[in-house]
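# Working through the structure, step by step
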Amino acid sequence: AQKVTQVQTEISVVEKEDVTLDCVYETRDTTYYLFWYKQPPSGELVFLIRRNSFDEQNEISGRYSWNFQKSTSSFNFTITASQVVDSAVYFCALDPGTYKYIFGTGTRLKVLA
Amino acid sequence: GAVVSQHPSWVICKSGTSVKIECRSLDFQATTMFWYRQFPKQSLMLMATSNEGSKATYEQGVEKDKFLINHASLTLSTLTVTSAHPEDSSFYICSASAHSGGTYEQYFGPGTRLTVT
């Protein structure tokens with residue numbers, strides 16, 4: 001089965017706190033791609049990162065970082081020193097090599113001033 | 001690059017009428033486009049895969065006669081919701097597929113909010 005699980009439905013943090021959003025995926029394919037998207041209240045999906053299954057290096061982009069661990073089938077996303085503008089719904093998605101994306105249920109992040 | 005537009009961004013229609021939503025890839029050609037539906041506070045659910053010049057492939061449970069998809073050119077796909085009912089009210093998002101970094105990546109449109117009264 002191919003599946004993406006985001007167990008955290010909603011997280012609230014105070015500004016400047018660090019927060020990690022969890023993503024666990026399932027696929028039997030050896031070649032696959034993982035994504036994170038941000039969906040602000042406007043609704044438009046904002047692409048954050050794409051990672052292929054052969055690249056387990058962690059990535060950092062400004063306040064954002066991603067930890068990809070094939071051993072645990074996880075692709076977690078951390079926001080350091082969160083800001084109010086980070087408030088949004090964040091989706092993790094899997095492309096199991098079919099070019100069709102499977103989305104997780106999303107995590108709603110609320111950053112309080 | 002890789003910009004996808006949708007029109008309209010929002011639409012209100014009366015029950016029983018049909019509404020057409022356009023999805024355009026502005027700066028690239030897309031042989032494949034996807035249509036998603038997102039209900040409030042829920043995830044994106046793939047409705048159908050649209051290939052230029054051929055019939056769309058619908059996901060299980062999606063009524064193909066109700067959600068008509070036409071992909072007449074490499075830059076335009078349309079979704080027509082026929083005989084719309086209030087339960088069809090949703091956020092509809094399209095994406096266009098382009099080759100990137102060894103695979104085909106989807107680029108998403110800004111979405112169309114449909115309200116059926």
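### Quick notes on the overall build of chain B
Of regular secondary structure, chain B possesses 0 helices and 11 strands. Written out in order from the N terminus, the α and β elements of chain B read β-β-β-β-β-β-β-β-β-β-β. Projected onto the principal axes, the alpha-carbon positions of chain B cover approximately 45 × 25 × 20 Å. Residue pairs at least 24 apart in sequence account for 54% of intrachain contacts in chain B once pairs closer than 6 positions are excluded. About 5700 Å² of surface is accessible on chain B, with carbon and sulfur atoms providing 52% of the total. Between the centroid of the 9 positive side chains of chain B and the centroid of its 9 negative side chains there is a distance of 7 Å.

### Focus: the interface of chain A and chain B
Taken together, the 19 residues of chain A in the interface contact 23 residues of chain B. With both sides pooled, the region where chain A packs onto chain B buries about 1700 Å², and carbon together with sulfur makes up 52% of that total. For the pair chain A and chain B, the interface holds 2 salt bridges. Notably, a salt bridge pairs Arg50(A) with Glu105(B), separated by 2.6 Å at the nearest N-O pair. Viewed at the interface, chain B and chain A are joined by 7 residue pairs in polar contact (both at pLDDT 80 or more). The element that contributes the greatest number of residues to the side of chain A that touches chain B is strand S5 (residues 33-39) of chain A, accounting for 4 residues. Here the side of chain A that touches chain B is composed, by residue class, of 9 nonpolar, 5 polar and 5 charged.

### Observations regarding the state of the cysteines
All names here are of chain A. In this structure the tally under the stated criterion is 2 disulfides over all chains. Residue pairing for Cys23: its cysteine sulfur links by disulfide to Cys92, the two sulfurs lying 2.0 Å apart. On the S-S bond that ties Cys23 to Cys92, the torsion sits near -65°, and the link is left-handed. Placement of Cys23 in the loop between strand S3 (19-21) and strand S4 (24-26) and of Cys92 in strand S10 (residues 88-95) is noted, with a sequence separation of 69 residues between them.

### Some thoughts on the packing of aromatic side chains
What the rule picks out here adds up to 22 aromatic pairs over all chains. Between Tyr99(A) and Tyr104(B) the ring centres are 5.2 Å apart and the planes differ by 70°, which places this aromatic pair in the edge-to-face class. Of this pair, Tyr99(A) sits in the loop between S10 and strand S11 (102-103) while Tyr104(B) sits in strand S10 (residues 103-108), which puts the two residues in different chains. Here Tyr104(B) falls in the partly exposed class, since its relative accessible area comes to 34%. Taken together, Phe35(A), Tyr37(A), Phe47(A), Phe91(A), Tyr101(A), Phe103(A), Tyr36(B) and Phe108(B) form an aromatic cluster joined through their ring pairs.

### Quick word on the side chain of Asp88(B)
Residue and element names in this part refer to chain B. Relative to the helices and strands, Asp88 is located in the loop between strand S8 (76-81) and strand S9 (90-100). Asp88 sits in the buried class, given a relative accessible area of 4%. Each residue touching Asp88, except ones within four places of it in the same chain, is listed here: Lys66, Phe67, Val81, Ser83, Leu114 and Val116.

Rules used in this analysis
- Residues numbered from 1 in each chain as written.
- Chains lettered and ligands numbered in written order.
- Predicted model: local features only at pLDDT ≥ 70, side-chain atom pairs only at ≥ 80, totals over all residues.
- Heavy atoms only, no water.
- Helix = DSSP H or I, 4+ residues; strand = E, 2+ residues; numbered from the N terminus.
- Contact = heavy atoms within 4.5 Å.
- Areas by Shrake-Rupley, 256 points an atom, 1.4 Å probe, with all protein chains shown as cover.
- Lys, Arg positive; Asp, Glu negative; His and termini not counted.
- Charge placed at Lys NZ, Arg CZ, Asp CG, Glu CD.
- Buried area = accessible area lost by both parts, 1.4 Å probe.
- Salt bridge = Lys/Arg side-chain N within 4 Å of Asp/Glu carboxyl O.
- Polar contact = N/O pair within 3.5 Å; in protein donor to acceptor, adjacent residues only side chain to side chain.
- Nonpolar A, V, L, I, M, F, W, Y, C, P; charged D, E, K, R; others polar.
- Disulfide = S-S within 2.5 Å.
- Phe/Tyr/Trp six-rings, centres within 6.5 Å; stacked < 30°, edge-to-face > 60°.
- Buried < 20%, exposed > 50% of the residue type's maximum accessible area, 1.4 Å probe, protein only.

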